[in-house]
Amino acid sequence: MSACNGITRGRYRFAEWTLTAVPTMAVRHCGRCLTCGERSADTADADDVHVWCLKHAGLTHHSGYEFSAFQYFNATMSDPGNESHAT
Ligand SMILES: [Zn+2]
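Residues numbered from 1 in each chain as written. Predicted model: local features only at pLDDT ≥ 70, side-chain atom pairs only at ≥ 80, totals over all residues.

A. Examining helix 1 (residues 46–60) more closely. Under the 1.5 Å per step criterion, the end-to-end length of helix 1 is 21 Å for 15 residues, consistent within 8% with the ideal 21 Å. Buried residues along helix 1 sit in contact with strand 3 (28–33) and strand 4 (65–70). Positive phi appears at H61, one or two residues downstream of helix 1, with a value of about 65°. (Helix = DSSP H or I, 4+ residues; strand = E, 2+ residues; numbered from the N terminus. Expected span 1.5 Å × (residues − 1). Contact = placed C-beta atoms within 7 Å.)

Pasting the structure below:
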């Protein structure tokens, strides 16, 4: 499984901002039952969410689930006010 250390840059209002994945914060995974709305705890291991869904299905016979993932990013100004490149 590859780590997500993506860096994204964007220029807004003549300042360049850099968006960097927080290296100590892994991608988190979360499951939600579409029948009753109960959510699993968010976890770094996607398999834990699958196990939660299967256990919840076994207990309740609920059959629809939403699986989502999220990640933390920091935004920093990397090139403030450099207008020489602005048009
Ligand atoms: Zn449920």
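Next comes the rest of the write-up.
B. Expanded view of the pairing of strand 5 (residues 73–79). In terms of residue burial, strand 5 counts as a barely covered element, since only zero of its seven residues are buried. Where strand 2 (residues 15–21) lies against strand 5, six bridges are found, and the strand directions are antiparallel. Bridge assignment links L19 to a residue of strand 5, and that residue is A75. (Buried ≥ 20, exposed ≤ 12 C-beta atoms within 10 Å, placed from the backbone. Pairing = 2+ DSSP bridges.)

C. View of the environment of G64. With respect to the secondary-structure elements, G64 resides in the loop between helix 1 and strand 4. For G64, a count of 10 C-beta atoms within 10 Å translates into the label exposed. Contacts of G64, omitting those with residues within four sequence positions, involve L34 and T35.

D. Highlighting the environment of H29. Along the chain, H29 turns up in strand 3. When the C-alpha atoms of H29 and Q71 are compared, they prove to be 9.0 Å apart, with 42 residues separating the residues in sequence. With sequence-adjacent residues up to four places away left out, H29 is seen in contact with D42, T43, A46, V49 and A69.

These figures come from the coordinates and say nothing about function on their own.
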